[in-house]
Each structure stands twice: as C-alpha cells, then as structure tokens.
Amino acid sequence: MRNEFFQTDEFRAAFASQHIGKVFKAYRNHPRHRQLFGKALNQELLGRWLGLTQAQVSKLENGKAEQNLDALRSYAKKLHLPQHLLWFDFPGQSRLTFPQTSESKNLIVPSSERDELLVVNTGMDTLELLRRLRASDINSSTIDAVSITVEQLCCDYPHADARTLMTKGKNWLGQMTNLLENRLSLAQHREVLSKAGTLALLVGCLEYDTGDSRAAEATRRMALELGKEAGDQGIVGWAHEMRAWFNLTAGNFRAVIAAAEEGILAAPSHSVAVQLYGQQAKAYARMGKPDDVRQALDSGSALLDKLPFPERPDNHFVVDPDKWDFYAMDTYRIVGEDRLAQRNAEEVIRRGVSPEGVQLSPMRVAEAELTLAVIAARRGDVEEAAGLGLRALQGGRQSRPTLLMVSAELDDELATYGTGAGRDFRDVLAEVKRAPKDNIPPKNI
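Residues numbered from 1 in each chain as written. Predicted model: local features only at pLDDT ≥ 70, side-chain atom pairs only at ≥ 80, totals over all residues. Heavy atoms only, no water.

Every α-helical turn comprises 3.6 residues, leaving residues that sit three or four positions apart pointing alike. With 18 residues, helix α13 (residues 233-250) extends 26 Å between its outermost C-alpha atoms, agreeing within 8% with the 26 Å of an ideal straight helix rising 1.5 Å per residue. The buried count for α13 comes to 15 of 18 residues, which makes it a mostly enclosed element. The opening residue of α13 is Asp 232, an N-cap whose side-chain oxygen sits 3.0 Å from the backbone nitrogen of Gly 234. At the exit of α13 stands Gly 251, carrying a positive phi of roughly 85°. (Helix = DSSP H or I, 4+ residues; strand = E, 2+ residues; numbered from the N terminus. Expected span 1.5 Å × (residues − 1). Buried < 20%, exposed > 50% of the residue type's maximum accessible area, 1.4 Å probe, protein only. Polar contact = N/O pair within 3.5 Å; in protein donor to acceptor, adjacent residues only side chain to side chain.)

Rendered as structure tokens:
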C-alpha cells in the first residue's frame, strides 16, 4: 500500500480543497479501514498519531482551513502524505520535481546534504570538523557539529548498509575517545561522553543486526557505563532496551521483563521507556499473558501521548507513533488479533516507503510483510504467505536475529499444512539459518 492508498475520489477532492481537515476525513474513512473494521478510524485514534485531542481533530475537520504552515507540514509528515499532492512545500523541496541523487535508492540523506546541514548550523563541513577534532580545536561550534553528525548517523540506521554504517560509527567513536583525552570544560566533557555513549549504542545495534552477539553485548555495556558517567538517562535506558531486545530474540522472555523494568526505572519519562513497554508487551505476548500485554501497551501509549513529537523521528533512538504502531503490530500478531495486526502491518508498509518509492524503513517493512504472511497462512492462503515470506527474507537492510525470530513463526504456521507447504520459503529460511553470519543478510534488512 503506497501511493495507491491516496488514489481515491475522496482524497483527490480533499487535496484539491486545500483543507487539511478534509484530508483527515478522507484518511479516516478510507475504504481499506472500512473493509478491515467495518467502520472508519475514529478521531481519537487519528489524534493520537498527530499529537492532537479528539476535539482538536474535530475542529480541524469541521472548521475553517488551517493556515499555519508549520502545522500543515507537521500533519503531512506524520501521516506520510505524498508531497506531490500537497498545496504547500517543505523547506528545500518542491512539489514540482522530486529531489534525485545518485545515492537516492540507498541513502536518504546524501553526504553533500549532510555537509550543508553542518555548514548551516555550525559554519564547518565534515572535513573541517575532523581537522578541528584532530587539532583539539574545541569550541561550542565543534561540539554542535559533533552532535549533528552523531544524530545523522543514528538517522541512517534504518536504511543504510549495516557494515558500512558500523565502520563509520566505530571511526567516530574513536574520535570521541581521543577527544576525551583533551582539556575540556565540565559541560563539554559530559556532552562528549553522551555522544560517545550514543555511538556505542548505534554500533552495538549494528553488531547485533549482523549476528555478532558477543561484540554487541560488550559494546552495549560500554554504552551503559558511558551513559552513567555522563548522567544521561536516555543512554542508560537504551542500553537496557538493547538487553531486552537481545533476550527477546534469544527466547529469554523473563529476562526481557527484567531488563525493561530496569530501563523504565532509569529513564521513566524518556521516549525509550515507551519502547521498553513495547518490549515487555512482546515478551508477555509470547508468554501467553494477554492481561499483561494490554497493561504494557496501555502504559506505553499513555507515556507516548505525553511526549512531544520528535524533531527527527527517523532517529533510531527516539520513539514516535509510527514506531509504536510497529511494536503493537508484533503483539497483535502473537496474540491472534489478526485484524489489528493486519491494519498496523499495512500502515507500517505504507509509511515505510516514500512517495518516490524509496524504502525509508526496510527492516520494519520486512517484519510487516512477515506479519501479513503469518495472517495469510492462518486463513489458509499458503501461496501468498510463502510469497510474502520470501520477499521479507530477500529484502535489503536486515536485522538477522529479529528476521529469524519472526520467520520462525511463519515457518510454524506453514508446517501445519504439511512438510511441502511453502517449500520455497522454508528452503530459503533454512539457507539463511545455515549461512555464516558474515554472509547475512542476503542483500543486507
């Protein structure tokens, strides 16, 4: 479900009216939603995605057209509205032509644009930043440039080649380590520790994605210590979240609960706590505890509603409504709520691909495809289930442990139809399991 989602008469009329409230109505009343649930999405649910109350959504839908450009851009971004259908532009972009670069199929933000971001905010490009770091020429602009660079690396995580990004992350982590040996003010020292901790989190995730669990655990512990030394609750919380993730994919569900509880205690009001509740829900679902699943989902949703929408939702170490819906998809699939799981999976796929067809979140898309495959298998459509499963296994940027965990669930569903059911998928899955870790992913999830 990509651009065709918006190709309805209701959407065409809504976009032509240049009234965002009418776009909201068309979105809520989409035929796909009515097909799945027998009714439209309610204003309260849409409001949660947008960071609005039900009353605010109603006012936007039924009142005068919203004229605040920042608000319009925010709503369009959160609902992933195709740019070419909008009546307003985003900074640096135009509805008349789509930006094209030689890297556009693989990298969402070209390196030239990253340098432009650095220059605009700090007056230096990447080469100048490296020169200053090596020369120990540290001032507020240097620290700002480091922060921008680290954040961009974290935003590259969902789509960039895992091993290439891991090399970059390790190189920058080395720069941070060297920087700590210089004379810094107390505030600068704390900031550099925090950025080093964030880089360690990123490198640890990439190590685990590529199957090196031992190195990932060592790097996670490094991040935990750096976070504690910097007094950064978020980094400490994410280090515990990584432990919960590691244990989830290893099948140690009680350890997931314990790790999540530690993380929530360390960072109770940080967005990582939302994801920790999500990890708890995933574990409880696999333990057959539906009441605990619901409590964890409710707690995560309540906290998410209180947090501001992140400036960079593509940053791996923040949680936004899209990511939360992705987590809920997993729990719905496990507890057998197939209609809800299908709804969330289709939304994950739609939001995971740009209007230009560029994959923004290939790992989420792969898991959503596996979710749809499991649902297809449950209703007896073995051919569709196997096809979706194959597509997920042969995707681009992959996380080996998560991919194998969810693929095993599809394998179990197909096995109920006999040893020959979904043979192509099951043969490829067996090859993935046997393949050396250095050769996984097939193209890279």
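Another aspect to go through is the packing of α13 against helix α14 (residues 253-266). One way to put it is that α13 packs onto α14 with a least axis distance of 8 Å and a crossing angle of 175°. Taken as axis vectors, α13 and α14 run roughly antiparallel relative to one another. Counted together, Gln 233, Val 236, Gly 237, His 240, Arg 243, Ala 244, Asn 247 and Leu 248 of α13 and Phe 253, Ala 255, Val 256, Ala 259, Ala 260, Glu 262, Gly 263 and Ala 266 of α14 form the full contact between these two elements. Of the residues assigned to the contact of α13 with α14, the class counts are nine nonpolar, five polar and two charged. (Axes fitted to C-alpha atoms, helices over the stretch in contact; angles between N-to-C directions. Parallel < 35°, antiparallel > 145°, perpendicular 65-115°, else oblique. Contact = heavy atoms within 4.5 Å. Nonpolar A, V, L, I, M, F, W, Y, C, P; charged D, E, K, R; others polar.)

Here we take up the packing of aromatic side chains. The final tally for this structure, using the stated rule, is 10 aromatic pairs. Arranged with centres 5.3 Å apart and planes meeting at 90°, the rings of Trp 87 and Phe 88 form a pair that is edge-to-face. This pair shows no difference in class: Trp 87 is buried, exactly as Phe 88 is. Through successive ring pairs, a cluster of aromatic residues spans Phe 6, Phe 11 and Phe 15. (Phe/Tyr/Trp six-rings, centres within 6.5 Å; stacked < 30°, edge-to-face > 60°.)

So, on to the environment of Met 363. You can see Met 363 is positioned in helix α19 (residues 362-378). C-alpha of Met 363 to C-alpha of Thr 402: the two residues are 39 residues apart in sequence and 9.1 Å apart in space.

A separate point is the environment of Asp 156. With respect to the helices and strands, Asp 156 occurs in helix α9 (residues 140-156). Residue class for Asp 156 comes out buried when judged on its relative accessible area of 2%. Taking the C-alpha atoms as reference points, Asp 156 and Asp 314, separated by 158 residues in sequence, lie 7.9 Å from one another.

Let's shift gears to unusual backbone geometry. One non-glycine residue, Gln 18, lies in positive phi territory at about 55°. Structurally, the position occupied by Gln 18 is in the loop between α1 (9-17) and α2 (20-28). Look at Gln 18 and you get partly exposed, because its relative accessible area is 45%. Phi angles above zero are rare outside glycine, and His 80 is one such case at about 55°. In this structure His 80 comes out as partly exposed when scored by relative accessible area, which is 24%.

Remark: helix α17 (residues 321-335) packs on helix α18 (residues 338-351), axes separated minimally by 8 Å, with the N-to-C direction vectors making an angle of 145°. Relative to α18, the crossing made by α17 is left-handed. Contact residues: α17 offers Asp 322, Asp 325, Phe 326, Ala 328, Met 329, Tyr 332 and Arg 333, while α18 offers Leu 340, Ala 341, Arg 343, Asn 344, Ala 345, Val 348 and Arg 351. Here the contact of α17 with α18 is built from residues that sort into eight nonpolar, one polar and five charged. (Left-handed = near helix turned anticlockwise from the far one by under 90°.)

No statement about biological role is implied by the geometric values presented.
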